[in-house]
Amino acid sequence: MNKDSLITQSKFDRMLEWLDPDRERAGNKHEQIRRRLIEILASRGCHEPEQWADETITRVVLKIDEVVKNFEGDPAHFFYGVAKNVFREYIKVKPLAFCPPAPAPPDEVEREHACLEHCLARLDEEDRGLILGYYSKERREKIDNRNEMARRLGVAANALRIRVYRIRIGLKECIRDCLGVEAR
Amino acid sequence: MAQDLNDRAVLRQYLLGELSPEERERTEMRLLTDDGYFEEFELVKEELIDQYEEGELTGEGRERFERHFLTTPDRQLSLRLARSLKEYPAPTPEKKISRTAEPSGGPFAWLGALFATPARAAACLLVAAALALGVWLAIPRQPSAVSEGLLALGTAYRQQRPSEARVSGFGHAPPANTRSGDEVVYDRPARERAEVMLHSAVNKDPGPDTHHALGQLYLFKQQPDDAIRHLEEALKADGNNARIHNDLGVAWLERGELELRRDEEAASTESFGRSLAHLSRALELDPSLLEALFNRALVRTHLKLFRLAEEDWKAYIEKDATSPWADEARQHLKSLEEQNRGVAQDKKQVFASFLAAFRAADDEAAWRLLSRSRDFTGSFITNRLLDEHLEAFAGGRDEEARERLRALSYVGELEVQRAGDQFTSDLANLYTAATPERRAALVEARRLMKSAHEQLRADRTEEALKSYGEAARIFERNGGSCEALVVRYTSAHSRLLQGEAAQSLAGFESVRRDSESGRYKWLHGQSLNAIANVHIGLNNYSVASEHSRRSLKILKQTGDVVGVMKVFDQLGVEQLRFGDPRGALGFHRRALTLGHEDALDPLPLWRSYFTAAMPFHTLGLTDAAIDFTQEALRLAEDTKSPGNVSRTYAHLGLMYGSRGSHDEALACIQRALDSARSITTEKVRTNAVAYASLQFGNLHRLAGNFGRAVESYDDAIRLYDQLNFGAFSYVAHKGKFLSCVAQPGGCPSLEQELETALRLYEQHRAKILETRNRYSFFDAEQGVYDVAIDYEFSAKGDKAKAFDHSEHCRARSLLDLAEAGERRHEGLPAAGPLPSASAGLDGLAEIQRQMPDGAQLVQYAVLNDKLLIWFVSGARFEGFQQPISARALEEKVTNYLRLLHARSEGEEERLRRAAGELYDLLIGPVAPLLDGSKLFCIVPDKILNRLPYAALASPAGGKYLIEDYALTFSPSATTFVRRSQTARERAGAGQEKLLSVGDPRFDHKTFASYKSLPAAGDEAKAVAALYDSSETLTGAEATEGRVVRAMGDADVIHLATHAIVDEHSPMYSKLLLASEPGLAPSADGSDGALTTHEIYGLGLPRARLVVLSACRTAAERYYGGEGMTGIWSPFVTRNVPLVVASLWAVDSDSTKELMVNLHRLRRRGGLPTASALRQAQLEMLRGPHKTHRQPYHWAPFIAIGGHTAF
């Protein structure tokens, strides 16, 4: 039987409640933990980190009654402990071979190009100018250009970096949507 | 801040898998709970991606990124996004990002439809695009990926087309003015769509249509090289497609324009010639193809074939009178006509303008007009002023006479002031002071002189010489030594026309001496140029070139436009004789530019078109050659010289012959003979008939009529022998020899002709002093030796003699220079001819005698239709033949190198297959003879010089060649045995002293595109640590002066730095070193770069091994005969027994690993260098770094030289 089918709505709700009594904040926290677990598993060499992050969450949900009763502290720590166990199982099934997965086929790359074009067009003028300006130039010129952009905007270089990062995250999500990939 | 930096460093290590398990857990716990930390984590991820994409991650870091970081599709997507953003043009106020109009139904309706249900969406797209385009686009409405892509391309450029030329199938849009720096206006999303579709189409179906369409995309993107690549690919499969030919013509036209903007005149002229070839072919295949006619008019304008361009525009307007293209054609035609009217000033107008300038004391205008006024007889303004003065004086028109004399003095003053030329000043003084009697005598002398000039122009040289002789005597008797000098000068020309080279040369030399001492600059420059011309006839090309360059300098000072033009043409002729047709085209183009601006007579323009045609012909660009010769023919008729007409017809015949138009060719040669026979002066006639006979021979040989060819060559040889005129002897004998070989049954005199042709070849090469010109000459003339090799091997079955011929023509400059023991190259004074090493060249028997016991050698000769392979060891000699043409072999090698350099995933199998094919071809025949315990020396030929033999893989066992043999390369067998001998002499058991140089602090301002090489600095230190006695110079210490001084005292020299290869001037390839602080570049010759010509001058008495750990130090440019040139070459020339150098641009980190291991295996493993290199390569091949296992990383370095025990 599929484990997912064992997750009842009530168990899931209890897990959310454990994360935060406020339902909305709990939902955000759940998403946050999932996203970070994905990054941790990817950094450990797991090729399908989404799948194994979900597995981790499922296991926590399945044991939620016990967990709520016995565990004290930041729930994130509990998720982390489970994730490590899950990862140990993963490497038994798929011994770690640190190598990248096969590159995207040419068609996919072409679609990405088209999607990038589309998503850039959807950005507002300022954000588009900012991100394209930020990635223009190379090496020394690039650094000078970024410093100059920060100066013009009246912000620190790091603030500019964060701002561009956020635009880029949005852009990436838009591209994923465009490609029909499920957003994480 | 410090904490932030530390956090970033830890996160970076975490992402690259560099943390211990404990640190990793701490980091992960924090990532889960600390929002700011996680945001920093995301930023570090993006930073790493950027650094990887920029190439800032190298070596281990790069590998870790690929193995540890790039593990998920999402991270790969991030990488591709970064790459796309980087490639995306930055927005500027002029060039904003345009938004795609989104059809209703959501943002991705068009995209989804395009990719999910292509057929339905394609139809919609077609309708939308067609509506947008209106009449602009005229391509077939086929709903294929190609037509969709082309529709999108049409949409993208509907407002402007990027260049003047017409791409086939596209309608009219006004041309962008890109020359003024304006950006081309285009619809970016539409072009992106076109790119996606056309790239995808080529990937899915790489056929002629898809390659053609992609080529068109690149034309619009103004990337002509990419366009050429795809259009040539298309043409391979569809060679008779007029539209592809048209577009390839456009691509070459665009490339030529780009080159012209970079002042690369030679390259641009060649590109225009290639463009013309394709456009003419397009019109031949489809005379109604308007695009090709339009484009041909454009390219003919670029080639300065203005009359033919006018004809094309007129023909175009006749065929298309109403379209917007026709409006452009009319505009072009009008410009050409205006331009022609602008320059069509005759001498009368120029003289009137001069008088006006004189009267207004407008020195600038007067000087400009004087600059245009000269021909080989002097300035017509000066002569006319003098004549009018004398006439007015004789007619009693005193005021007019005085004014003309004042004007003459004015010319004299201007020439003294501006050019330091005393001639006209002396002339004015002579006539001012002349008594009436003397004046009358001088008038008579001038009459005789002018009459002789006319006789000379009409090739009546005997009459001219008579008149000149009389005039000279009168001038001398009456104090007119300056005019007598002009007469002596033109007399020498008459001698030359009669083929009397020795008398002519003596005459010009005497004029040179007297004009130099009299400070008659213009005559001095002219006589130098004439001397150069005679030396060309005597096949003394280097002497000719030196005189031409001196002449150019002087004539530029005198402002003689026509004189400068003449020298440019002569330099072009010399370059062609040196075997450098591209260089020749550059000179002729400069001459034509001057001619069309300023020439008043047809003669200089005739000369320019006539001489410019030959380099085109040599490059196989027959259409351009014919166009130029036809233009020359029109001008030759205007010169009224039957000799010029005859020579022009002879060339035209030869060119028609090359194109396969045999009847037209024969008719032309016949007219050449007819014109030649109409010359009244016997010697001039003989010379012209001989020349026409020579071209008859060439024509018959081209047509395969070898018997007739031999007869014509015999005629030419006999006539030239009569004249004792050696200019074309080599050409005639070479032609006869090639005809004899090709003729079934040969000729009775074949052996003798072979001997004569090779003897004359040797005489030629001995007269060429400059290294670069020698390389070019050998390259161009290698065909003679190739035929001789083939004749001995295939026809006579004498494999040993064939090997001797092959050996005889190899690396001769290198051997000559080694023997001379001194540098002798361009830019340095040449005291005399280089000693020929011919006498000392080793034949097979001597090579076998000297072959080291532990060595075996395989030598290749790439011939037109076959590959010859010889195996040579001390005891055995064998020869093999592989039936593969030079072109097919070149394709195989090029394809293999392309795969090797691409390092593409998924291409490994293709790479292996290509390596296997080459192994079978090159190693297969000799494999049973090879002894794995011996050093395997390879002597490559032509394209094989670029091949990394180590990476050839046996298809049988899959092993690389390097797994079975230690390899060494040598440019010839003689070089191998001689360097092996040097190695024995330098193989003392004493301690090796190392000079190790790495990462010099070179001048980053001058060499701005080169980065520091920290890995090379580490390499130099690591290598030094392996030697007991060493000197290490890195960073600022590695100055040119210190490095050069230390080289003289070193046994082993290791240089890890940047190499800059100059393919055009091999003597100026260089290794970057640190600049001398506080020293001007010229203070001690240290300019922070060690050039090839400087290395030739070094004393390296101890050096036994030089390691050039830099890019492309083994591979600069290969020449037929001479082989590969490169920075390695001067070291081998300077008797260094072994050099390790690279075939391509190398990766700094993998090179460091390879180099340190090479020295470790030499020092600690006690292996000879070639074996140590082999072992180091095997370690990399079998080592832990996956990327380094690719041949790209371990195969670039080769050992060059002899067999060494160290």
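Nothing here was measured: the structure is a model prediction, and the numbers come from that model.

The rules behind each value
- Residues numbered from 1 in each chain as written.
- Chains lettered and ligands numbered in written order.
- Predicted model: local features only at pLDDT ≥ 70, side-chain atom pairs only at ≥ 80, totals over all residues.
- Heavy atoms only, no water.
- Helix = DSSP H or I, 4+ residues; strand = E, 2+ residues; numbered from the N terminus.
- Buried < 20%, exposed > 50% of the residue type's maximum accessible area, 1.4 Å probe, protein only.
- Areas by Shrake-Rupley, 256 points an atom, 1.4 Å probe, with all protein chains shown as cover.
- Contact = heavy atoms within 4.5 Å.
- Salt bridge = Lys/Arg side-chain N within 4 Å of Asp/Glu carboxyl O.
- pLDDT = per-residue confidence, 0-100.
- Axes fitted to C-alpha atoms, helices over the stretch in contact; angles between N-to-C directions.
- Parallel < 35°, antiparallel > 145°, perpendicular 65-115°, else oblique.
- Nonpolar A, V, L, I, M, F, W, Y, C, P; charged D, E, K, R; others polar.
- Left-handed = near helix turned anticlockwise from the far one by under 90°.
- Core = buried A, V, L, I, M, F, W, Y, C linked by side-chain atoms within 4.5 Å.
- Phe/Tyr/Trp six-rings, centres within 6.5 Å; stacked < 30°, edge-to-face > 60°.
- Pairing = 2+ DSSP bridges.
- Disulfide = S-S within 2.5 Å.
- Expected span 1.5 Å × (residues − 1).

Could you give an account of the overall build of chain A, with specific residues and numbers?
A count of helical and extended segments in chain A gives ten helices and zero strands. Listing every helix and strand of chain A by position from the N terminus yields α-α-α-α-α-α-α-α-α-α. Here chain A holds 184 residues, and the buried ones make up 44% of them. Summing over all exposed atoms, chain A offers an accessible surface of approximately 9,600 Å²; the carbon and sulfur share of this is 51%.

Describe the overall build of chain B, and please don't skip the residues or the numbers.
In terms of helices and strands, chain B carries 52 helices and 18 strands. Here chain B holds 1206 residues, and the buried ones make up 59% of them. Across chain B, the fraction of contacts at a sequence separation of at least 24, relative to all contacts at a separation of at least 6, is 69%. For chain B, the accessible surface area stands at approximately 46,100 Å², while carbon and sulfur atoms represent 49% of it.

Report on the pattern of salt bridges, specifying residues and quantitative values.
Residues and elements named next belong to chain A. Per the stated rule, a full pass over the model turns up 97 salt bridges over all chains. As a salt-bridge pair, R25 and D20 come within 3.5 Å of each other at their nearest N and O atoms. For R25, a relative accessible area of 52% gives the class exposed. D54 is the salt-bridge partner of R34, the closest N and O atoms lying 2.7 Å from each other. Note that R34 is positioned in helix 3 (residues 23-43) and D54 in helix 4 (residues 49-62), a separation of 20 residues in sequence.

How would you explain the confidence of the model for chain B if you had to name every residue and give the values?
Residues and elements named next belong to chain B. Looking at chain B, the pLDDT average stands at 85 and 89% of residues meet or exceed 70. Element-level mean pLDDT values for chain B span from 31 in helix 6 (residues 109-116) up to 98 in strand 4 (residues 867-872). Note on the complex model: pTM 0.57, ipTM 0.87.

Could you give an account of the packing of helix 2 (residues 9-19) of chain A against helix 6 (residues 75-93) of chain A, naming the residues involved and the relevant values?
Residue and element names in this part refer to chain A. As a packed pair, helix 2 and helix 6 sit with axes 9 Å apart at the nearest point and diverge in direction by 125°. Comparing their axes, helix 6 and helix 2 come out oblique. Where helix 2 approaches helix 6, its residues M15, W18 and L19 are matched on the opposing element by P75, F78 and F79. Classifying every residue of the contact of helix 2 with helix 6 gives six nonpolar, no polar and no charged.

So, the confidence of the model for chain A: which residues are in play, and what are the values?
Summarising the model, chain A shows a mean pLDDT of 79, and 83% of its residues fall at 70 or more. Every residue in residues 97-103 of chain A is under pLDDT 50, and counting partners more than four places away or in other chains gives 21 contacts.

An account of the environment of G1165(B) is needed here, citing residue identities and associated values.
When you line up the elements, G1165(B) lands in the loop between helix 50 (1148-1163) and helix 51 (1169-1181). When the C-alpha atoms of G1165(B) and Q1175(B) are compared, they prove to be 10.0 Å apart, with ten residues separating the residues in sequence.

Hey, could you go over the packing of helix 10 (residues 208-220) of chain B against helix 11 (residues 224-237) of chain B for me, with residue numbers and the actual values?
All names here are of chain B. Following both chains from N to C, one finds helix 10 and helix 11 inclined at 160°, their axes separated by 8 Å at the closest point. In terms of orientation, helix 10 lies roughly antiparallel with respect to helix 11. For the pair helix 10 and helix 11, the crossing hand works out as left-handed. The residues of helix 11 that touch helix 10, namely those facing P208, H211, H212, L214, G215, Y218 and L219, are D226, A227, H230, L231, E233, A234 and A237. Taken together, the residues of the contact of helix 10 with helix 11 break down into eight nonpolar, four polar and two charged.

How would you sum up the nonpolar core? Please name residues and give values.
Residues and elements named next belong to chain B. Core analysis: the largest hydrophobic core is formed by 181 residues, its most contacted members being F354, I381, L385, Y431, F475, L523 and F628. A total of nine residues in this core trace back to one element, the largest contributor, which is helix 34 (residues 682-702). One finds F936, V1052, L1071 and I1198 within the second-largest nonpolar core, a separate group that totals 105 residues.

Please provide a residue-by-residue account of the packing of aromatic side chains, values included.
Summed over all chains, the structure comprises 35 aromatic pairs over all chains. Judged by centre distance (6.2 Å) and plane angle (85°), the ring pair of W18(A) and F78(A) falls under edge-to-face. On the criterion of sequence distance, the pair formed by W18(A) in helix 2 and F78(A) in helix 6 is long-range, its members being 60 residues apart. A residue is classified by how much of its surface remains accessible, and W18(A), at 16% relative accessible area, is buried. Ring geometry for Y14(B) versus F41(B): centroids 6.2 Å apart, planes at 55°, classification tilted. Taken together, the positions of Y14(B) in helix 1 (residues 2-15) and F41(B) in helix 3 (residues 35-54) put the pair 27 residues apart, joining distant regions of the chain. Comparing Y14(B) with F41(B), the two get one shared label, buried.

Now, about the sheet that holds strand 12 (residues 1070-1072) of chain B: what can you tell me, with residues and values included?
Residues and elements named next belong to chain B. One open sheet holds the three strands; their spatial order is 11-12-13, and the pairing between them is antiparallel. In this open sheet, the two strands that pair with only one neighbour each are strand 11 (1059-1060) and strand 13 (1089-1091). Where strand 11 meets strand 12, two bridges bridge the pair, whose relative direction is antiparallel. Within strand 12, the position partnered with A1059 by the bridge is L1071.

Break down the pairing of strand 18 (residues 1197-1201) of chain B for me, with residues and values.
Residue and element names in this part refer to chain B. Of all five residues making up strand 18, five are buried, and the element is well covered by its neighbours. Two elements, strand 17 (residues 1138-1142) and strand 18, share five bridges in a ladder whose sense is antiparallel. Each bridged residue has a counterpart across the sheet, and for S1142 the counterpart in strand 18 is F1197.

Before we move on, can you summarise the state of the cysteines with the specific residues and values?
All names here are of chain B. The tally for this structure, following the rule as stated, stands at two disulfides over all chains. At a sulfur-sulfur separation of 2.1 Å, the disulfide partner of C740 is C747. With the S-S bond torsion at -105°, the cross-link from C740 to C747 turns out left-handed.

With reference to specific residues and values, describe unusual backbone geometry.
Excluding glycine, residues mostly carry a negative phi; peptide bonds, for their part, are mostly trans. Residues and elements named next belong to chain B. Within the chain, K304 stands out as a residue other than glycine whose phi angle is a positive 70°. Locating K304 in the fold gives a position in the loop between helix 14 (290-302) and helix 15 (306-319). Overall, K304 belongs to the buried group, its relative accessible area being 14%. Here the phi dihedral of K942 falls at roughly 45°; this positive angle occurs in a residue that is not glycine. Here K942 is to be found in the loop between strand 6 (935-939) and helix 44 (961-964).

Explain helix 8 (residues 145-156) of chain B residue by residue, including any values.
All names here are of chain B. Relative to the 16 Å expected for twelve residues at 1.5 Å per residue, helix 8 spans 16 Å between its end C-alpha atoms, a close match to the ideal helical length. Burial analysis of helix 8 places eleven of its twelve residues in the buried class, the great majority of the element. Taken residue by residue, helix 8 has V146, S147, E148, G149, L150, L151, A152, L153, G154, T155 and A156 as its buried positions.

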